[in-house]
Amino acid sequence: MSLTYLFLLTTTLSFLAMPVMANDIVNVDPNFARTRTLEVKVTPMGLVVDFNRAIASVNLSHQRNFVFSGMDGALCQSTARCPQDASPPTKLLLKRIKPINFKHETATPKGKAMLFVTTRDGQVYRLELEPSQGTPPYTQVEYNR
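Now for a look at the structure at hand. (Residues numbered from 1 in each chain as written. Predicted model: local features only at pLDDT ≥ 70, side-chain atom pairs only at ≥ 80, totals over all residues. Heavy atoms only, no water.)

1. A word on the overall build of the protein chain
Right, so step 1: Looking only at helices and strands, the protein chain features 2 helices and 9 strands.
Right, so step 2: Ordering the α and β elements of the protein chain from the N terminus gives α-β-α-β-β-β-β-β-β-β-β.
Right, so step 3: Here the protein chain holds 145 residues, and 31% of them are scored as buried.
Right, so step 4: Here the protein chain displays about 9,400 Å² of accessible surface, and carbon together with sulfur accounts for 55% of that area. (Helix = DSSP H or I, 4+ residues; strand = E, 2+ residues; numbered from the N terminus. Buried < 20%, exposed > 50% of the residue type's maximum accessible area, 1.4 Å probe, protein only. Areas by Shrake-Rupley, 256 points an atom, 1.4 Å probe, with all protein chains shown as cover.)

2. Overview of the sheet that holds strand 2 (residues 38–42)
Right, so step 1: Ordered in space as 2-8-7-4, the 4 strands form an open sheet in which the pairing is mixed. The open sheet is flanked by strand 2 and strand 4 (55–60), the only strands paired with a single partner. Strand-to-strand twist in this sheet, taken as the mean axis angle between neighbours without regard to direction, amounts to 25°. (Pairing = 2+ DSSP bridges. Axes fitted to C-alpha atoms, helices over the stretch in contact; angles between N-to-C directions.)

3. Section: the environment of valine 141
Right, so step 1: Relative to the assigned elements, valine 141 resides in strand 9 (residues 140–143).
Right, so step 2: Spatially, the C-alpha atom of valine 141 lies 7.6 Å from that of leucine 47, the residues being 94 residues apart in sequence.

4. What to know about the sheet that holds strand 9
To summarise the sheet geometry, strands pair through backbone hydrogen bonds and adopt either a parallel or an antiparallel arrangement.
Right, so step 1: Overall, mixed pairing links the 5 strands, which are arranged 1-9-3-6-5 in an open sheet. Each edge of the open sheet is held by one strand with a lone partner, namely strand 1 (25–28) and strand 5 (66–70). Neighbour-to-neighbour, the strand axes of the sheet open up by a mean angle of 20°, direction not taken into account.
Right, so step 2: As paired strands, strand 1 and strand 9 are joined by 4 bridges and run parallel to one another.

5. Here we look at the pattern of salt bridges
Right, so step 1: The tally for this structure, following the rule as stated, stands at 2 salt bridges.
Right, so step 2: The salt bridge involving glutamate 130 is made with lysine 41; its shortest N-O contact spans 3.4 Å. In this pair, glutamate 130 is assigned in strand 8 (residues 124–131) and lysine 41 in strand 2, connecting sequence segments 89 residues apart.
Right, so step 3: Two residues, aspartate 121 and arginine 53, come together in a salt bridge whose shortest N-O distance is 2.7 Å. (Salt bridge = Lys/Arg side-chain N within 4 Å of Asp/Glu carboxyl O.)

6. Quick word on the packing of aromatic side chains
Right, so step 1: Applying the stated criterion across every chain yields a total of 3 aromatic pairs.
Right, so step 2: Residues phenylalanine 51 and tyrosine 125 carry aromatic rings whose centres are separated by 5.2 Å and whose planes lie at 55° to one another, so their mutual orientation is tilted. On the criterion of sequence distance, the pair formed by phenylalanine 51 in the loop between strand 3 (47–50) and strand 4 and tyrosine 125 in strand 8 is long-range, its members being 74 residues apart.
Right, so step 3: Its relative accessible area of 4% is what places tyrosine 125 among the buried residues. (Phe/Tyr/Trp six-rings, centres within 6.5 Å; stacked < 30°, edge-to-face > 60°.)

7. A closer look at the nonpolar core
Taken as a class, soluble globular proteins show a tendency for nonpolar side chains to be buried jointly.
Right, so step 1: Counting residues in hydrophobic clusters, the biggest one holds 23 residues, and the most contacted among them are Val40, Phe51, Leu115, Leu127, Leu129 and Tyr143.
Right, so step 2: Listing elements by their share of this core, those giving two or more residues are strand 2, strand 3, strand 4, strand 6 (91–96), strand 7 (113–119), strand 8 and strand 9.
Right, so step 3: Those residues in contact with tyrosine 143 that lie beyond four places of it in its chain are Val28, Ala33, Leu38, Val49, Asp50, Phe51, Asn52, Tyr125 and Leu127. (Core = buried A, V, L, I, M, F, W, Y, C linked by side-chain atoms within 4.5 Å. Contact = heavy atoms within 4.5 Å.)

8. Things to note about unusual backbone geometry
Right, so step 1: The backbone of asparagine 52 shows a phi angle near 55°, a positive value even though the residue is not glycine.
Right, so step 2: Here asparagine 52 lies in the loop between strand 3 and strand 4.

9. A closer look at the pairing of strand 3
Right, so step 1: Neither face of strand 3 is left uncovered, since the one carrying Leu47 and Val49 and the one carrying Val48 and Asp50 both have all their residues buried.
Right, so step 2: Pairing analysis gives 3 bridges linking strand 3 to strand 9, with the strands arranged parallel. Among the inter-strand pairings, aspartate 50 is bridged to a residue of strand 9, identified as glutamate 142.

Here is the structure:
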């Protein structure tokens, strides 16, 4: 086996082993978060939103294009349905899904939706979710404390 062939094989394997998604974190100033809506692009690969605070409730205006789940704790519909030892999440995973046609829900322009997150300390965060394709420009949004 020649050195040239070995070099090409090694280079090709290294390239194939690289992750395809971006690894960038967008940091958000707390003052901005309190007064404005943050616009984020959500791909099928997903987006992590770190609030750095315990989440009390999450409301999604339109459920046609997106799903969410807690990453580091339990999201419960009510305290009665939540296990006693469950701790609330501080991070959400948002994902774009194939649109679901709900009978009584009208589609929004460009498939956008609003996500409202209330933390246990009373902070309200507003995110405008926009469906996106391909490699995301960022994979995590982090609200600074």
